[in-house]
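# Observations on chain architecture
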Amino acid sequence: MESIAVALQPYKDTVGLTAAIVTVVQFFSGVLALNAIRRQGNTRGFSALPFLGGTVFCLLNIQFGQMLRDDGMIRVNFIGLALNLLYVCGFYLYTDGPAKTAVWGQIGLAGALTAGVLSYVQYEDPQLVEFRFGLILTGLLWTLKKSTEGLPFPIIFLGAVVSFAWLLYGIILRSNFLVVQNLMALALSAVQLSLFIIFPSGAAKPPPTPAKKRN
C-alpha cells in the first residue's frame, strides 16, 4: 500500500475533491426517497433508519476528520449532516400520527448512540482512540450499507464510486481505517450490483402454472 500511496501523493487534492463531490451527490439521493414518500402521501413502506444512520455517521465522521486533521472530510460531512437532518424532518412530517412515536424513539436511540460515542472519544486513551473509533465507524458503515440493499441501481452504483474514491484517499492518507471501511463498503456494493446482472429487472418471468380442472 505504501508504494500506491507514494504514487498517488501528487494527486491528493484531486482525489480528495473528487471524493467530496461524489459523496455530496450521493447525499442528495435522499431526495428521491422523500419524493416517493411525498407522492405516496405517507411513510408506510419506508424507514427513517437510513436518514438517522446517515445523520449519526456524518456526525461521527466530522469527529474522525478532526482526528485526521482533514478539513475536506469535515466539510463534506457537515453538508451530509445538514441534508440528513432535513430528510429526517421531512420523513417525520409525512409520518402518520400514531407512527410518530416510533420515529421519536428511533431519534432518541440515534442521539444516545452519538452522545455515547462522542463522550467515549473524549475520555479514551489518545493512543487507542483512533483505532477503536475506526472500528465503530466501520461497523456503522456496514450497517448503513446493509440497510440500503433495496435501493435502485444508480444509487448503489454511485455508492460504489464513493467508496472507491474514499478508498484511494485513505491510501494517500495512509489511514488503515479509511481503507478497511471503504474496502468493505466496495465489496458489499459489488455484491449488490452483481445481483442486478444475475437478476436483471427485465428478465422474462416464468409462465404461470395452469390452474387444475375441478372434477
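The structure this text deals with has already been given above.
Quick caveat, the model's predicted, so the values are computed rather than measured. (Residues numbered from 1 in each chain as written. Predicted model: local features only at pLDDT ≥ 70, side-chain atom pairs only at ≥ 80, totals over all residues. Heavy atoms only, no water.)

### Description of the packing of aromatic side chains
Under the counting rule described, the total for this entry stands at four aromatic pairs. Ring geometry for Tyr-92 versus Trp-104: centroids 5.5 Å apart, planes at 70°, classification edge-to-face. Highlighted residues: Tyr-92 in helix H5 (residues 71-93) and Trp-104 in helix H6 (residues 100-123), separated in sequence by twelve residues. Relative to Tyr-169, the ring of Trp-166 lies with its centre 5.6 Å away and its plane at 75°, an arrangement referred to as edge-to-face. With Trp-166 and Tyr-169 both in helix H8 (residues 153-173) and three residues apart, this pair spans about one turn of that helix. Each of the two residues, Trp-166 as well as Tyr-169, counts as buried. Aromatic ring contacts, followed pair by pair, group Phe-51, Tyr-87 and Phe-91 into a single cluster. The lysine or arginine in question, Lys-100, covers the ring of Tyr-92, its NZ or CZ lying 4.1 Å from the ring centre. (Phe/Tyr/Trp six-rings, centres within 6.5 Å; stacked < 30°, edge-to-face > 60°. Helix = DSSP H or I, 4+ residues; strand = E, 2+ residues; numbered from the N terminus. Buried < 20%, exposed > 50% of the residue type's maximum accessible area, 1.4 Å probe, protein only. Lys NZ or Arg CZ within 6 Å of the ring centre and 35° of its normal.)

### Re the nonpolar core
Leu-60, Phe-64, Phe-133 and Trp-166 are the most contacted members of the largest nonpolar core, which has 45 residues in total. Elements represented by at least two residues in this core include exactly helix H2 (12-27), helix H3 (30-40), helix H4 (49-68), H5, H6, helix H7 (126-147), H8 and helix H9 (176-198). A total of nine residues in this core trace back to one element, the largest contributor, which is H4. With sequence-adjacent residues up to four places away left out, Phe-133 is seen in contact with Leu-60, Gln-63, Phe-64, Met-67, Val-117 and Val-121. (Core = buried A, V, L, I, M, F, W, Y, C linked by side-chain atoms within 4.5 Å. Contact = heavy atoms within 4.5 Å.)

### Considerations on a nonpolar patch on the surface
A contiguous nonpolar patch, built from Leu-17, Ile-21 and Val-25 and spanning about 280 Å² of accessible area, is present on the exposed surface. Tracing the backbone through its elements, the reader meets Val-25 in helix H2. (Patch = residues over 30% accessible without salt bridge, like charges linked within 9 Å, V, L, I, M, F, W, Y side chains within 5 Å. Areas by Shrake-Rupley, 256 points an atom, 1.4 Å probe, with all protein chains shown as cover. Salt bridge = Lys/Arg side-chain N within 4 Å of Asp/Glu carboxyl O.)

Worth remembering: the numbers are spatial, not functional.
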